[in-house]
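Inside the fold
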Amino acid sequence: MGKNNDFVKQITKKSEDFSKWYIDVIKRAKLADYSPMKGMMVIRPYGYEIWELIKENLDRMLKETGHRNAYFPLLIPESFLKKEAEHVKGFAPEVAWVTIGGNEVLEERLAIRPTSEAIICSMYSKWIKSWRDLPLLINQWANIVRWEKVTRPFLRTTEFLWQEGHTVHSSYEEAEEETLKILDIYKTLAEKYLAIPVIPGLKSENEKFAGALRTYCIEALMPDGKALQMGTSHNLAQNFSKAFNIKFENKKQEIEFAWQTSWGVTTRLIGALIMTHGDDSGLILPPEISPFQAVIIPIAKGNYTKSILSEAKKIHNKLKEKGIRSCLDDRDSYTPGWKFSEWELKGVPVRIEIGPKDLEKGQVVLVNRIDRNKIFVKQENLLSTLKELLNEIQIKLFNRAKDFRENNTNNVERFSELKEIIETKKGFIKTGWCGSNKCEKEVKEKTSATIRAIINEKNSNFKKCAICGKKAKHTVLFAKSY
RNA sequence: CGGGGCGUAGCGCAGUCUGGUAGCGUAUCGGUUUUGGGAACCGAGGGUCGGAAGUUCGAAUCUUCUCGCCCCGACCA
């Protein structure tokens, strides 16, 4: 492409100021905008369309595994939230409260849900009586409010959208199996659809969900070397069933507390998407979840205008018929060059150009968003070539992100190495851990890095704990996190 | 919640130190010519300078308070 690839002049360069780039992209690509409410953003149509595609795919996978959607109330009485001690302790600092209804001061204040275990479990205790009622596999798509001190669009907002699954089972083993099954679905969502490689693992006692027995997570590495938690799946064991009195009669005619799980992913995934794939020209969206997979830009010129536009329309309709999300940009008030930059900013994976020269030759030009490579293809081959190209882009984005992660993951034996890496290049640090709270805390205090995931719980391929030097029980991943 | 920075037209900024009736680029609107990498020319509109109070003959500019955003920490999806 020659000397000047610097086509988009309106956003900060990713390499110069990553945080500013991130905000610029969100605003310029019209994914979201700040609202008058502190920490709350408006998700604009283009951003919401990405969410809808994420949602569609995850929803389908959840339904395929027997989950059904339902909806529970936004407000939770304080007494309900207080029933599970760890749970309330964990969430208390970030709950928003409703204290007045109309003109009346409420007798009991109501929490705006920071998560719905409390309200959902209170219903489950009414619905579940017998082993025949199990498993109960319910998911809800909802909004959540957590009064965060520091917010960033998509990554951490006061209000956000998510799905939260809440399931009930007749045994610990079955609950554990469900927890892992969901973790695997999340991994598929991240890797196959968002093209973001993730590492599944277990959270340490310090990092686990308030009220869970075990929290599993998927962790991704962002381009600035910080880790992002992209989803969590909790085995709640009987913690909530005991607090909310969810009991069932098992096949042996014994009354037993039920075994539960909960799990969720949020609009944060969109933040991960932006950071992982974007470049100096803006967003790059993986074809699977891009609102437009291809944008057709007619180069309408002089006498050719009419014939080119009608050809472009034909192509557009053909692609739509074949299930490709196509956009025809036939606005005549913008020049082709302007449109190129605009759609690159918006991250559309493939651009289709058709101009006088192409019309004569019976071809179109396909341009790959990743490297701007051009392919000239005969009209009759368009569909197959486009599909191949979309597939190739999806894979390339994933591989590129994976290479980055591999290149920024370091095996470490000693604390001094760990500290140096965190202070300089960051990234994931794989090391041995003795399992003690003390060592985990020491790392946090001295480096601000935390255990993102325990990736080998049963044993460790590291001999010693990097901090205390005692025998390593687990292999863990340390990183600075969002 | 602690430390730092920034709020002036839709967006990006200058003007603030040294007070004197608000400017540039871009975008927008109308018109003409254009269209293979953010087109050119002509014309037009757009602001209670984040908000409140104070000092002053006079405040974008000085003082105090307040709100919001960004960055770095502590806290969290």
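Rules of the game
Residues numbered from 1 in each chain as written. Chains lettered and ligands numbered in written order. Predicted model: local features only at pLDDT ≥ 70, side-chain atom pairs only at ≥ 80, totals over all residues. Heavy atoms only, no water. Pairing = 2+ DSSP bridges. Helix = DSSP H or I, 4+ residues; strand = E, 2+ residues; numbered from the N terminus. Axes fitted to C-alpha atoms, helices over the stretch in contact; angles between N-to-C directions. Salt bridge = Lys/Arg side-chain N within 4 Å of Asp/Glu carboxyl O. Buried < 20%, exposed > 50% of the residue type's maximum accessible area, 1.4 Å probe, protein only. Core = buried A, V, L, I, M, F, W, Y, C linked by side-chain atoms within 4.5 Å. Contact = heavy atoms within 4.5 Å.

**Observations regarding the sheet that holds strand β18 (residues 363–368)**
As summarised here, the arrangement of the 5 strands in space is β16-β15-β17-β18-β19, forming an open sheet in which the pairing is mixed. Whereas interior strands pair on both sides, the edge strands pair on one side only; in this sheet they are β16 (326–328) and β19 (374–378). For this sheet, the mean angle separating the axes of adjacent strands, direction not counted, is 25°. Summarising the sheet, strand β15 (residues 294–298) and β16 pair through 3 bridges and their orientation is parallel. The residue bridging Ile 296 from the neighbouring strand is Leu 328, located in β16.

**Observations regarding the pattern of salt bridges**
Inspection of the entire model under this criterion finds 24 salt bridges. Taking the shortest distance from any N to any O, the salt bridge between Lys 82 and Glu 78 comes out at 3.6 Å. Glu 207 is the partner of Arg 452 in a salt bridge, and the nearest nitrogen-oxygen pair spans 3.6 Å. Placement of the pair is Arg 452 in strand β22 (residues 450–456) and Glu 207 in the loop between β9 (199–202) and β10 (214–221), with a sequence separation of 245 residues. For Glu 207, a relative accessible area of 26% corresponds to the partly exposed category.

**What about the environment of Ala 92?**
Relative to the elements of secondary structure, Ala 92 occurs in the loop between α4 (85–91) and β5 (96–101). Ala 92 gets classed as partly exposed once you look at its relative accessible area, which sits at 43%.

**Points about the nonpolar core**
Counting residues in hydrophobic clusters, the biggest one holds 75 residues, and the most contacted among them are Leu 31, Ile 54, Phe 154, Met 230, Ile 274 and Trp 433. Looking at this core element by element, the count peaks at 8 residues for helix α2 (residues 45–64). Not counting the four nearest positions on each side in its chain, Met 230 is found in contact with Ala 190, Leu 194, Ile 196, Val 198, Ile 218, Ala 220, Val 265, Leu 269 and Ala 272. Formed by 25 residues, the second largest nonpolar core is a distinct cluster that contains Cys 121, Leu 136, Val 168 and Ile 246.

**Notes on the sheet that holds strand β6 (residues 104–112)**
With respect to topology, 3 strands assemble into an open sheet ordered β4-β6-β5, the strand pairing being antiparallel. Of all strands in the sheet, those with a lone pairing partner are β4 (75–77) and β5, marking the two edges. In this sheet, adjacent strand axes meet at a mean angle of 45° when their direction is disregarded. Pairing analysis gives 5 bridges linking β5 to β6, with the strands arranged antiparallel. Residue pairing across strands places Gly 101 opposite Glu 104, the latter belonging to β6.

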